[in-house]
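Report on the structure
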Amino acid sequence: MRKIASLVIEINELILIIFLILFNLNAISQNLDKNRPNILFIITDDQDAETLDVYGDIYCDTPNIDNLSNEGITLISAYHMGSFRAAVCTPSRSMLMTGRSVWETQDLNVDYPPLDYKHQPELNYLKITDDSPSYNSLPAIFKRAGYYTFRTCKRGNSYEGANLLFDERYDQTNRDSLDINGSSWHADKVINYLDRRIQGDHTQPFFIYLGFSHPHDPRRAKSSLLKKYGAVSPGPPNIINKNSPNLPINYLPSHPFEEGHPDLRDENSVEGVMTKRDELTIRNERGKELATIEYIDTEIGRVLKKLKETGELENTFIFFTSDHGIAVGKHGLMGKQNLYEHSIKIPFIVKGPNIKKNKKIQGNIYLSDVLPTLCDLSGIKIPENIFGKSFKSVLLGNKKKIRDVIYAVYSGGSKPGIRSVKKGDWKLIKYDVMDGKVRKTQLFNLKQNPNELLIEHHHPKIISMTGNTPKKLQVNLADFPKYKTKVSEMEAILMKEMKLIEDPYKLWDQKNK
């Protein structure tokens, strides 16, 4: 009996020890959760980086975004990777959600949710396996790591497999001037959630994906902001308003050649523009664009104010970016289906714990790099075999960039389409479009010619309209025999990148390579 009693005591002691170990592990786990950073990821739709002060804008008032850049780090070389379809935002946002390269997103589910869709995240999560593409999407990864995941954004044009897995989801396309159907709608959803955190238990870290529907067209802005930027909606007005933004330096009334996608919506059907590219129309549309951006900035300010009220601001990484850029008159274009800097470059600002303040750094990142970086910053294991790379080292000031070469593609129109490659100060763009009828090569030194000016920008009429007199070598350098070697060098780099990224096409002069 003594042996049995002794054994019972030993078993009870063992159970107690196990209980204490489990209790302490749970406490440690809870403490880790409390110390894990929150994520507020803000993304706009169709925003040229140069609409922000930190990238050189002199017209648009964005004090809240400016403050993020002053208190954080700005990447001056951040890009989306391009598109194989006219809706550039679809692969762009899919890359962001999965860490995949542009060509790896071709088979993802990008269907719009039905209008009567009811969000059931737990049921949706049960339907996936570790072989599902969405298993290693942002909301799934952060959910498994103990985060509460929240999404508000426009409806559609993204990876639906990931969208289904957010704990909360509020999707609606809001491009009106009224708060109920404007940028306030998205901000209100986040503020409501943060209010609930204040009132309840907020030890669980959050991942908030805050997507605004503007400045994508139709650019219907508040009347007070339209007045401020000298614009009317839908426009254009009868005369130029002196308060409207000047024409951009690289404005042209038309692109010098067919860029490869006839009848494109963005080039033919934008409200207030259609096919017009005259000064009156472009300045008015740019005024509308800036009005919608200031409206977004105001709503970001409201969200940040509420975040501060929660007491969690200092433990939150705040990311600000866009899915891609946009032309709005630059190079005679209106959309983003091209590979000039204004359309493939994106704004990218990060503020948060241990992030250097008021710094500008190169970065050389893609949107595909966001997923591994967010994991890295949050102490979450980065999924294996993904294309994207973490740029945490850049954010912490340990590196200036994570890659040397930037590749981009637009293949949403005629095939094989447009390709570009950038290394150092040099950038090459090649066009193989319209069934071989248009085959062009462009070479730019971006240090000497950051706006990618062409010979057409040297015309006296264009100079009188833009007020900018280009320098002699601010042109397409591929036309000069002395740059033949540089063209060949960049073409070799492009070919190498196309192979690495498994681009399914070859250009006309790559057939035998």
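These numbers come from a predicted model, not from an experiment.

A short note on the overall build of the chain
Along the backbone of the chain there are 15 helices and 13 strands. Relative to the compact-globule value of 24 Å for 513 residues, the chain shows a C-alpha radius of gyration of 25 Å, a close match. Principal-axis analysis of the C-alpha atoms gives the chain an extent of 105 × 60 × 45 Å. For the chain, the proportion of its 513 residues judged to be buried stands at 57%. Per element, the accessible surface of the chain, about 22,300 Å² overall, is 52% carbon and sulfur. Positive and negative side-chain charges in the chain, numbering 71 and 63 respectively, have mean positions lying 4 Å apart.

With respect to the confidence of the model for the chain
Averaged over all residues, the pLDDT of the chain is 93; the fraction at 70 or higher stands at 93%. Of the regions scoring below 50 in pLDDT, residues 1–32 engages in 0 contacts with residues more than four places distant in sequence or in other chains.

Details of the pattern of salt bridges
In total, this model carries 40 salt bridges according to the counting rule given. Residue Arg302 is joined to Asp188 by a salt bridge in which the shortest nitrogen-to-oxygen separation is 2.7 Å. With a gap of 114 residues between them, Arg302 in helix 10 (residues 279–309) and Asp188 in helix 7 (residues 183–199) connect regions that are remote in the sequence. Assessed through its relative accessible area of 37%, Asp188 is described here as partly exposed. Three or more residues joined by partner-sharing salt bridges are found here, namely Asp45, Arg93, Lys154, Arg175 and Asp323.

Focus: the packing of helix 2 (residues 63–70) against helix 10
Interhelical geometry of helix 2 versus helix 10 gives an angle of 60 degrees and a closest axis separation of 7 Å. One element, helix 2, and the other, helix 10, form an angle in the oblique class. Every residue of helix 10 that contacts helix 2 at Pro63, Asn64, Ile65 and Leu68 is listed here: Asp297, Thr298, Ile300, Gly301 and Leu304. Taken together, the residues of the contact of helix 2 with helix 10 sort by class into 5 nonpolar, 3 polar and 1 charged.

Cut-offs used in this document
Residues numbered from 1 in each chain as written. Predicted model: local features only at pLDDT ≥ 70, side-chain atom pairs only at ≥ 80, totals over all residues. Heavy atoms only, no water. Helix = DSSP H or I, 4+ residues; strand = E, 2+ residues; numbered from the N terminus. Rg over C-alpha atoms; globule rule 2.2 N^0.38 Å. Buried < 20%, exposed > 50% of the residue type's maximum accessible area, 1.4 Å probe, protein only. Areas by Shrake-Rupley, 256 points an atom, 1.4 Å probe, with all protein chains shown as cover. Lys, Arg positive; Asp, Glu negative; His and termini not counted. Charge placed at Lys NZ, Arg CZ, Asp CG, Glu CD. pLDDT = per-residue confidence, 0-100. Contact = heavy atoms within 4.5 Å. Salt bridge = Lys/Arg side-chain N within 4 Å of Asp/Glu carboxyl O. Axes fitted to C-alpha atoms, helices over the stretch in contact; angles between N-to-C directions. Parallel < 35°, antiparallel > 145°, perpendicular 65-115°, else oblique. Nonpolar A, V, L, I, M, F, W, Y, C, P; charged D, E, K, R; others polar.

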